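Below, each chain spelled out in residue letters.
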Amino acid sequence: MYSIDNVSELFMDTEYVNFYPFVGEKYFSASHKILVLGESHYGPKTMNSNHEITNWIVGEDYLDSKVAGKGFPSYARGFDNTARVLADCSDKEAYKIYHEVAFYNYFQETVGEGNHRSKTYLPPELVEKSRKALAEVLKILNPDLVIGWGYSKLEWTWLPHARKQIWVVPGKLHLFTIDDYGPIPFWCIKHPSSFFPVNLHRELYKLIKEHLWGV
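It should be emphasised that the depicted structure is a prediction, and the values quoted were computed from it without experimental measurement. (Residues numbered from 1 in each chain as written. Predicted model: local features only at pLDDT ≥ 70, side-chain atom pairs only at ≥ 80, totals over all residues. Heavy atoms only, no water.)

## Structural notes on the pairing of strand 7 (residues 186-189)
And step 1. A two-sided burial pattern is seen for strand 7, the buried positions comprising Phe186 and Cys188 on one face and Trp187 and Ile189 on the other.
And step 2. The pairing of strand 4 (residues 145-149) with strand 7 spans 4 bridges and is parallel. Bridge assignment links Val146 to a residue of strand 7, and that residue is Phe186. (Buried < 20%, exposed > 50% of the residue type's maximum accessible area, 1.4 Å probe, protein only. Helix = DSSP H or I, 4+ residues; strand = E, 2+ residues; numbered from the N terminus. Pairing = 2+ DSSP bridges.)

## Some words on the packing of aromatic side chains
Geometry of an aromatic ring pair is reported as the spacing of the ring centres plus the angle between the planes.
And step 1. Per the stated rule, a full pass over the model turns up 14 aromatic pairs.
And step 2. Ring geometry for Tyr27 against Phe28: centres 5.1 Å apart, planes inclined by 85°, an arrangement best described as edge-to-face.
And step 3. Under the relative-accessibility criterion, Phe28 is labelled partly exposed at 44%.
And step 4. One aromatic cluster is present, built from ring pairs that chain together Phe22, Tyr62, Phe72, Phe79, Tyr98, Phe103 and Trp149. (Phe/Tyr/Trp six-rings, centres within 6.5 Å; stacked < 30°, edge-to-face > 60°.)

## Side note on the side chain of His41
And step 1. With respect to the secondary-structure elements, His41 resides in the loop between strand 2 (34-38) and helix 2 (53-67).
And step 2. The buried category is assigned to His41, whose relative accessible area is 5%.
And step 3. Only 3.4 Å separates the side chain of His41 from the side chain of Asn105, close enough to count as a polar contact.
And step 4. Setting aside anything within four residues of it in sequence, one finds His41 in contact with Phe19, Met47, Ile53, Thr54, Ile57, Asn105, Glu109, Thr110, Val111 and Gly112. (Polar contact = N/O pair within 3.5 Å; in protein donor to acceptor, adjacent residues only side chain to side chain. Contact = heavy atoms within 4.5 Å.)

## Details of helix 2
Residues spaced three or four apart along an α-helix point in a common direction, a consequence of the helix completing one turn every 3.6 residues.
And step 1. The end-to-end C-alpha separation of helix 2 is 20 Å, in line with the 21 Å expected for 15 residues at 1.5 Å each.
And step 2. When we look at burial in helix 2, the residues that qualify are Ile53, Thr54, Asn55, Ile57, Val58, Gly59, Tyr62, Leu63, Ser65 and Lys66.
And step 3. One or two residues past the end of helix 2 sits Gly69, with phi positive at roughly 70°. (Expected span 1.5 Å × (residues − 1).)

## Brief notes about the pattern of salt bridges
And step 1. One pass over the structure, following the stated rule, counts 6 salt bridges.
And step 2. As a salt-bridge pair, Glu39 and Lys119 come within 2.9 Å of each other at their nearest N and O atoms. Within this pair, whereas Glu39 is found in the loop between strand 2 and helix 2, its partner Lys119 is found in the loop between strand 3 (101-105) and helix 4 (124-141), the two being separated by 80 residues in sequence. (Salt bridge = Lys/Arg side-chain N within 4 Å of Asp/Glu carboxyl O.)

## Side note on a negative patch on the surface
And step 1. Where like charges cluster on the molecular surface, the negative patch consists of Asp5, Glu25, Asp88 and Glu100.
And step 2. Structurally, the position occupied by Asp88 is in the loop between helix 3 (77-86) and strand 3.
And step 3. Asp88 sits in the exposed class, given a relative accessible area of 70%. (Patch = residues over 30% accessible without salt bridge, like charges linked within 9 Å, V, L, I, M, F, W, Y side chains within 5 Å. Areas by Shrake-Rupley, 256 points an atom, 1.4 Å probe, with all protein chains shown as cover. Lys, Arg positive; Asp, Glu negative; His and termini not counted. Charge placed at Lys NZ, Arg CZ, Asp CG, Glu CD.)

## Let's talk about the layout of surface pockets
And step 1. Quantified by volume, the largest pocket comes out at close to 460 Å³.
And step 2. Lining of the largest pocket is provided by 21 residues; of these, Ser40, Tyr42, Tyr75, Asn105 and Arg117 occupy positions nearest its centre.
And step 3. Looking at the lining of the largest pocket, the elements with two or more residues in it are helix 2, helix 3 and strand 3.
And step 4. The element contributing the most residues to the lining of the largest pocket is helix 2, with 4 residues. (1 Å grid on protein atoms, 1.4 Å probe; cavity = no way out; pocket = protein on both sides within 12 Å on 5 of 7 lines; lining within 4 Å. Points joined across faces, edges and corners; volume = space filled by probe spheres on them.)

## Side note on helix 6 (residues 198-213)
And step 1. Its 16 residues give helix 6 an end-to-end C-alpha distance of 22 Å, which sits within 8% of 22 Å, the value for a rise of 1.5 Å per residue.
And step 2. Those residues of helix 6 that fall on the buried side of the exposure criterion are Val198, His201, Leu204, Tyr205, Ile208 and Trp213. In a view along the axis of helix 6, the buried residues occupy a sector of 130°, so they form one face of it. Of the residues in helix 6, the exposed ones pointing more than 90 degrees away from the buried face are Asn199, Glu203 and Lys206. (Arc of directions from axis to C-beta.)

## So, the nonpolar core
And step 1. Formed by 37 residues in total, the largest nonpolar core has its most connected members in Ile34, Phe79, Leu86, Tyr98, Leu145, Trp187 and Tyr205.
And step 2. Elements with a contribution of two residues or more to this core: strand 2, helix 2, helix 3, strand 3, strand 4, strand 6 (173-178), strand 7 and helix 6.
And step 3. Leaving out residues up to four positions away in the same chain, Tyr98 has contacts with Tyr2, Phe22, Gly24, Val58, Tyr62, Leu63, Phe79, Thr82 and Ala83.
And step 4. Membership of the second largest hydrophobic core comes to 32 residues, among which are Tyr20, Val127, Ile184 and Phe186. (Core = buried A, V, L, I, M, F, W, Y, C linked by side-chain atoms within 4.5 Å.)

Below you can see the structure in the form of structure tokens.
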């Protein structure tokens, strides 16, 4: 298993967290704790009663398939592209980085269903609830860096808007903190589901590591 055994115990007393995050079993002992922040689950509203859906998708649909040497569903491509950015080597073993990272989807209810992934279930109340849920997750996981999937909607629309730029490489990347969440740096990348430039993001991640941690 890649996920820690007591992930449910960590989050069951939270007020706003509904979809518990995937937390690699070495996350809390990692030299630098990375929280990957996805966007949405899609499906019928009956999914909302399944607190473990994120763990199932990351652990079974993606990681179990990689361990078995099988193909994984197309909707898991983002996990693989992210692994190839974060791992020391961008090869077939990159998925093992999930031993050390956490993954959490931002919206705490399904936002829609269907092939076009319409966000028909996304009222303003869900945005506000999800902002509060992320605060609870950050308090428990205390990451050293949050890597968000998407620098359009996630970064500029759904995350809280009160923030500070803390480091900028003109034309390449910027790190920011969010007032509601304290000094945790955020880096939002292109959504990695498709047409994703892995090598470019590896170069940017290297710059971030050197800036934040001198490595």
